[in-house]
Amino acid sequence: MGAGREVSVSLDGVRDKNLMQLKKLNTVLFPVRYSDKYYADAIASGEFTKLAYYSDICVGAIACRLEKKEGGGMRIYIMTLGVLAPYRGIGIGSKLLNHVLDMCSKQNMCEIYLHVQTNNEDAIKFYKKFGFEITDTIQNYYINIEPSDCYVVSKSFAQSEANK
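Residues numbered from 1 in each chain as written. Predicted model: local features only at pLDDT ≥ 70, side-chain atom pairs only at ≥ 80, totals over all residues. Heavy atoms only, no water.

Enquirer: What is the right way to look at the overall build of the chain in this model?
Expert: A count of helices and strands for the chain gives four helices and seven strands. Referenced to the eigenvectors of the C-alpha coordinate spread, the extents of the chain come out at roughly 45 × 40 × 35 Å. Counting across all 164 residues of the chain, residues that qualify as buried make up 45%. Long-range contacts, defined as pairs at least 24 residues apart, comprise 62% of the intrachain contacts of the chain with a sequence gap of at least 6. Accessible surface, the chain as shown: approximately 9400 Å² in total, 48% of it carbon and sulfur. In the chain, the 20 positive side-chain charges and the 18 negative ones have mean positions that sit 5 Å from each other. (Helix = DSSP H or I, 4+ residues; strand = E, 2+ residues; numbered from the N terminus. Buried < 20%, exposed > 50% of the residue type's maximum accessible area, 1.4 Å probe, protein only. Contact = heavy atoms within 4.5 Å. Areas by Shrake-Rupley, 256 points an atom, 1.4 Å probe, with all protein chains shown as cover. Lys, Arg positive; Asp, Glu negative; His and termini not counted. Charge placed at Lys NZ, Arg CZ, Asp CG, Glu CD.)

Shown next as structure tokens:
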């Protein structure tokens, strides 16, 4: 996994038959347990939820939810994006996020957003590289995690005239 080498990473959709891989990744990556609704939303998002494989090993995932915006239009909420620690820094997270951003453009989404814990400087820096901005702060968003505050980090897309 040396610097400068092209990393062979493939993405695959999440469906019933491989949902357990997403559940196992989430158990390792995140300090919370996700509900059945989270997994149902992830599957329902179709192309917006992907598993990342490095040499046929599942090492990361992005899970999104489609939402209707007030006044029409659709937006994407990134529920989770994570890569196993030994595989970070080689472009896997970027590949996952770029896939979702491409899908947002193709499907004329007006916005993509997520919540980031206020002390998660690596995540904030990562998303800013892709044009996301901190648009709000929510006090006491997280339960049983310190700090409990989060930022709302979002990116808007230019809408074609036909979709306004």
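Enquirer: I tried to follow the environment of C104 on my own but got confused; where do I start?
Expert: You can see C104 is positioned in helix α3 (residues 92-106). With a relative accessible area of 0%, C104 lands in the buried category. Residues C104 and F157 lie 53 residues apart in sequence; the distance between their C-alpha atoms is 8.1 Å. For C104, the contacting residues outside a window of four places in its chain are F48, I76, M109, I112 and F157.

Enquirer: Honestly, the sheet that holds strand β6 (residues 133-138) in this entry has me stumped. Any pointers?
Expert: The strand order across the open sheet formed by seven strands is β1-β2-β3-β4-β5-β7-β6, and the pairing between neighbours is mixed. Single-partner strands in this sheet number two, and they are β1 (9-13) and β6. Going across the sheet, the axis of each strand differs from the next one's by a mean of 25°, ignoring polarity. Bridge analysis of β6 against strand β7 (residues 150-156) gives five bridges, and the strand direction is antiparallel. Bridge assignment links T137 to a residue of β7, and that residue is Y151. Where α3 meets the sheet, it contacts β1, β2 (50-54), β3 (57-68), β4 (74-83), β5 (111-117) and β7, and its direction lies at approximately 170° from that of β4. (Pairing = 2+ DSSP bridges. Axes fitted to C-alpha atoms, helices over the stretch in contact; angles between N-to-C directions.)

Enquirer: In this structure, what is going on with the pairing of β4? I would like to understand it.
Expert: Put simply, side chains in a regular strand alternate between the two faces of the sheet. Where burial is concerned, most of β4 is hidden: eight out of the 10 residues are buried. Note that β3 and β4 share nine bridges and pair antiparallel. Within the sheet, the bridge partner assigned to I62 lies in β4 and is L81. Count of turn residues in the β3/β4 antiparallel hairpin: five residues, of which G71 carries a positive phi of about 85°. Bridge count for β4 against β5 is three bridges, and the pairing is parallel. Residue pairing across strands places Y77 opposite Y113, the latter belonging to β5.

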